[in-house]
Amino acid sequence: MKEPKVTEIKKYLSGLLKLNKKYVTSERLSKYVGVYPEIINEHLSYFEPTLGLDPEFNLMELVPNMKKFLVDKEENRGPVVNKVPIVKKAQVEQYESINDFVYRKMSMGGLLDRNVVLSDTDLKILKRLISEEQASRKPKSKRR
C-alpha cells in the first residue's frame, strides 16, 4: 500500500476537525471536503486497511494516527537547499568589465581556453556584468 501525500492528509484532517462531530463517515467528509468517498477511503486505508469494506467507519478514530503521521513527516523532512546561487555585489565588483571577467576566468597566460566550464555562480556574475553593460549603453531618456 502506497503512502498518502501529506497535503491530502492535511486536507482530510482539517475537514475532520472543522466538522466538530463525534461520528464522521467518509460520505459526510466527502461533502465537506469535495472529494469522492471512495477516494477518501483509498487514501485513508493507509491508516486502517479495512476502511474500504466498512462504509460506516468512524473516521474520527483515525485522527491521532493522522496527526502522528504528519508530525513524523515534518521531522523527517530535510532542510531546504537553495539551489540557485546568490551573487553579491562585491563579487560582481571584482571585475571591471566583461572583458576582464573573460580574461581572468577563461584564459591561461593570455590564450583563450575553450575547455573552461563556468560554474552557476560564474554564469550569474557574467549575467550581471552583461546587464550592467547594456544599461550603461542605453541612452538616457530626456525629461520633458
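Structure shown above.
Structural notes, computed from the coordinates. (Residues numbered from 1 in each chain as written. Predicted model: local features only at pLDDT ≥ 70, side-chain atom pairs only at ≥ 80, totals over all residues. Heavy atoms only, no water.)

This part is about the overall build of the protein chain. Scanning the protein chain for helices and strands turns up seven helices and two strands. For the protein chain, whose C-alpha radius of gyration is 29 Å, the value lies well above the compact-globule estimate of 15 Å for 144 residues. Here the C-alpha coordinates of the protein chain stretch approximately 80 × 50 × 25 Å along the principal axes. Residues classed as buried in the protein chain amount to 28% of the 144 residues present. Residue pairs in contact within the protein chain that sit at least 24 positions apart in sequence constitute 57% of those at least 6 positions apart. For the protein chain, the exposed area adds up to about 11,300 Å²; of that, 52% sits on carbon and sulfur atoms. Here the protein chain carries 28 positive and 20 negative side-chain charges, and the mean point of each set is 11 Å from the other. (Helix = DSSP H or I, 4+ residues; strand = E, 2+ residues; numbered from the N terminus. Rg over C-alpha atoms; globule rule 2.2 N^0.38 Å. Buried < 20%, exposed > 50% of the residue type's maximum accessible area, 1.4 Å probe, protein only. Contact = heavy atoms within 4.5 Å. Areas by Shrake-Rupley, 256 points an atom, 1.4 Å probe, with all protein chains shown as cover. Lys, Arg positive; Asp, Glu negative; His and termini not counted. Charge placed at Lys NZ, Arg CZ, Asp CG, Glu CD.)

Let us now look at the nonpolar core. Counting residues in each nonpolar core, the largest one holds 19 residues, and the members touching the most others are Leu29, Leu44, Leu59, Leu62 and Met66. Every element with two or more residues in this core is listed here: helix H1 (6–19), helix H3 (37–44) and helix H4 (63–76). For this core, the leading source of residues is H1, giving five residues. With residues up to four places along the chain from it excluded, the contact list for Leu59 reads Leu16, Val24, Thr25, Ser26, Leu29, Ile40, Leu44 and Leu51. Counting residues in each nonpolar core, the second largest holds eight residues, with Val92, Phe101, Ile125 and Leu126 among its members. (Core = buried A, V, L, I, M, F, W, Y, C linked by side-chain atoms within 4.5 Å.)

In the structure shown here, the tally under the stated rule is seven salt bridges. For the salt bridge of Lys68 with Asp72, the shortest nitrogen-to-oxygen distance reads 3.2 Å. Highlighted residues: Lys68 and Asp72, both in helix H4, separated by four residues, approximately one helical turn. By relative accessible area, which is 30% here, Asp72 ends up partly exposed. Across the salt bridge formed by Asp122 and Lys105, the nearest N and O atoms sit 3.3 Å from each other. Of this pair, Asp122 sits in helix H7 (residues 120–137) while Lys105 sits in helix H6 (residues 98–106); the two residues are 17 residues apart in sequence, bridging distant segments of the chain. Residue classification places Asp122 among the buried positions, given a relative accessible area of 13%. Judged by relative accessible area, which is 31%, Lys105 ranks as partly exposed. Overlapping salt bridges, with partners in common, bring together Lys10, Glu74 and Arg77 in one network. (Salt bridge = Lys/Arg side-chain N within 4 Å of Asp/Glu carboxyl O.)

To continue, consider the environment of Pro37. Tracing the chain through its elements places Pro37 in helix H3. Sequence separation between Pro37 and Lys68 is 31 residues; the distance between their C-alpha atoms is 23 Å.

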